[in-house]
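Listed here are the chains, written in short residue letters.
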Amino acid sequence: MRKIVIAFQGNENIAAYIVDGLMASLGEIEMRKFPDGETYVRLITDVLDKEVVVVATLHRPDDKFLSLVFLLRLLRDGGASKITLVAPYLAYMRQDKQFKPGEAVTSTYFSELISPFIDELVTIDPHLHRHHSMNEIYSANAKVLHASKSIATWIKTSVSNPLLIGPDSESEQWVSQVAALANAPYIVLNKERHGDRNVEISFPEISSFHERTPVLVDDIISTAHTMIVTAKRLLELGFNKPICIGVHAIFADNSFQELQEAGAAQIVTCNTIAHSSNGIDLSSIIIDALQ
Ligand code: R5P
């Protein structure tokens, strides 16, 4: 039976790859705002007894959450036999504990809000840190995919003599895998975050790597301050301009430009969030997971 793929607004490109890869049909919806700002959703394609895949990456989740939930609920009403949410970037994974008394642990709250509307979630490198697996927070069946192979392939074909650098201990899980696959050495730095845009990075002794091309690898680039501070320090230490690789290109405000100005030789991201820096296509791993 042919699956139906529905592209949530802004996900049309990656959804088109998924439609082709699955030989699925593209579902049609109408979604717009009423003049008062409320959301209108209409399902045009018949989904009765069909498996439906909704592609909705979830950066800036507050802007899209209600519309997405209305759509998912409508699919249930329309009789879809299975609803899969493909969220290449999954929101609210970083607030995974109370850092200060009284804080909301929104990773858990968000999972509780979305899980009842879906049967399955497919996502790429969610920020699993203090939660060790998605099953700890998501009641829907969750498939976690990884960008490491694709990033390693990009590095192998595009960078000579790389030194992979993870900017903090959380990044070790990604950078170590990528380094193994790319056959390159890696180091992990120490990061202390004092505020959204205030991070302090300390380096181990790395002078023996001077001849290498520094390649920063992280899961999320948001304010880019993690990479900005690291890039500036590498230049002070006499290294070449670093290549900055992120899985998820959030790039808040004008952080992309700030990272360029901080001395990044090149900024490359995966297409989990559409952005001009997307240079690593992950649609094939999503297609494999849905087959
Ligand atoms: C945090 O632990 C993540 O792995 C990233 O390092 C972080 O989200 C990057 O954020 P920003 O770009 O705002 O420094």
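What you are looking at is a predicted structure, and each value in this text was computed from that prediction instead of being measured.

## Considerations on the domain arrangement of the protein
And step 1. Segmenting the protein into domains produces domain 1 (4-146 + 283-290) and domain 2 (148-271).
And step 2. If you average the C-alpha positions of domain 1 and of domain 2, the two centres end up 29 Å apart.
And step 3. Contact residues are listed per partner, giving 14 residues for domain 1 and 13 residues for domain 2.
And step 4. Three residues stand out in domain 1 for area buried against domain 2, namely Tyr 89, Asp 125 and His 127, and they jointly supply 38% of the buried area on that side.
And step 5. At the junction of domain 1 with domain 2, the criterion picks out 0 salt bridges.

## Focus: the pattern of salt bridges
And step 1. Using the criterion set out here, one finds 11 salt bridges in the structure.
And step 2. Lys 143 is the salt-bridge partner of Glu 120, the closest N and O atoms lying 3.4 Å from each other. One end of the pair, Glu 120, is in strand E7 (residues 120-124); the other, Lys 143, is in strand E8 (residues 141-145), and 23 residues separate them in sequence.
And step 3. Look at Glu 120 and you get buried, because its relative accessible area is 5%.
And step 4. A salt bridge links Arg 233 to Glu 236, with the shortest nitrogen-to-oxygen separation between them at 2.8 Å. Of the two residues, Arg 233 and Glu 236 are both situated in helix H6 (residues 225-236); the distance of 3 residues between them amounts to about one turn of the helix.
And step 5. By relative accessible area, Arg 233 is classed as partly exposed at 35%.
And step 6. Beyond isolated ion pairs, a larger network of salt bridges with shared partners links Glu 30, Arg 32 and Arg 42.

## Quick word on the packing of aromatic side chains
And step 1. Counted by the stated rule, this structure contains 4 aromatic pairs.
And step 2. When the ring of Tyr 92 is compared with that of Phe 110, the centres are 5.3 Å apart and the planes differ by 40 degrees; the resulting orientation is tilted. In this pair, Tyr 92 is assigned in the loop between strand E6 (82-87) and helix H3 (106-114) and Phe 110 in helix H3, connecting sequence segments 18 residues apart.
And step 3. The partly exposed category is assigned to Tyr 92, whose relative accessible area is 29%.
And step 4. Between Phe 251 and Phe 256 the ring centres are 5.1 Å apart and the planes differ by 80 degrees, which places this aromatic pair in the edge-to-face class.
And step 5. Using a relative accessible area of 7% as the deciding quantity, one classes Phe 251 as buried.
And step 6. An aromatic cluster is built from Phe 65, Tyr 92 and Phe 110, whose rings are joined through pairwise contacts.
And step 7. Lying across the ring of Tyr 40, Arg 32 places its NZ or CZ 4.6 Å from the centre.

## So, the side chain of Thr 57
And step 1. By the secondary structure assignment, Thr 57 is in the loop between strand E5 (51-55) and helix H2 (61-77).
And step 2. If we ignore the near neighbours within four places in the chain, the residues touching Thr 57 are Asn 11, Lys 64, Val 86, Ala 87, Pro 88, Tyr 89, Thr 272 and Ile 273.

## Considerations on unusual backbone geometry
Glycine aside, residues mostly have negative phi angles, and peptide bonds mostly take the trans form.
And step 1. Positioned with a positive phi, Met 23 is a non-glycine residue whose angle comes to about 50 degrees.
And step 2. Residue position: Met 23 is located in the loop between helix H1 (12-22) and strand E2 (25-26).
And step 3. Residues other than glycine seldom take positive phi values, yet Asn 161 does so here, at roughly 55 degrees.
And step 4. Among the secondary structure elements, Asn 161 is positioned in the loop between helix H4 (148-158) and strand E9 (162-166).

## Re the pairing of E9
And step 1. Of all 5 residues in E9, 5 are buried, a share of seventy percent or more.
And step 2. Across 4 bridges, the pairing between E9 and strand E13 (residues 213-221) is parallel. What sits directly across from Leu 163, in E13, is Pro 214.
And step 3. Here E9 pairs with strand E10 (residues 186-188) via 3 bridges, running parallel. In the strand pairing of E10, Ile 165 is matched with Ile 187.
And step 4. In this fold, E9 hands off to helix H5 (residues 172-182), which returns the chain to E10; that crossover is right-handed.

Cut-offs and rules
Residues numbered from 1 in each chain as written. Predicted model: local features only at pLDDT ≥ 70, side-chain atom pairs only at ≥ 80, totals over all residues. Heavy atoms only, no water. Domains from an automatic or database assignment. Contact = heavy atoms within 4.5 Å. Buried area = accessible area lost by both parts, 1.4 Å probe. Salt bridge = Lys/Arg side-chain N within 4 Å of Asp/Glu carboxyl O. Helix = DSSP H or I, 4+ residues; strand = E, 2+ residues; numbered from the N terminus. Buried < 20%, exposed > 50% of the residue type's maximum accessible area, 1.4 Å probe, protein only. Phe/Tyr/Trp six-rings, centres within 6.5 Å; stacked < 30°, edge-to-face > 60°. Lys NZ or Arg CZ within 6 Å of the ring centre and 35° of its normal. Pairing = 2+ DSSP bridges. Right-handed = clockwise from strand over helix to strand, strands pointing away.

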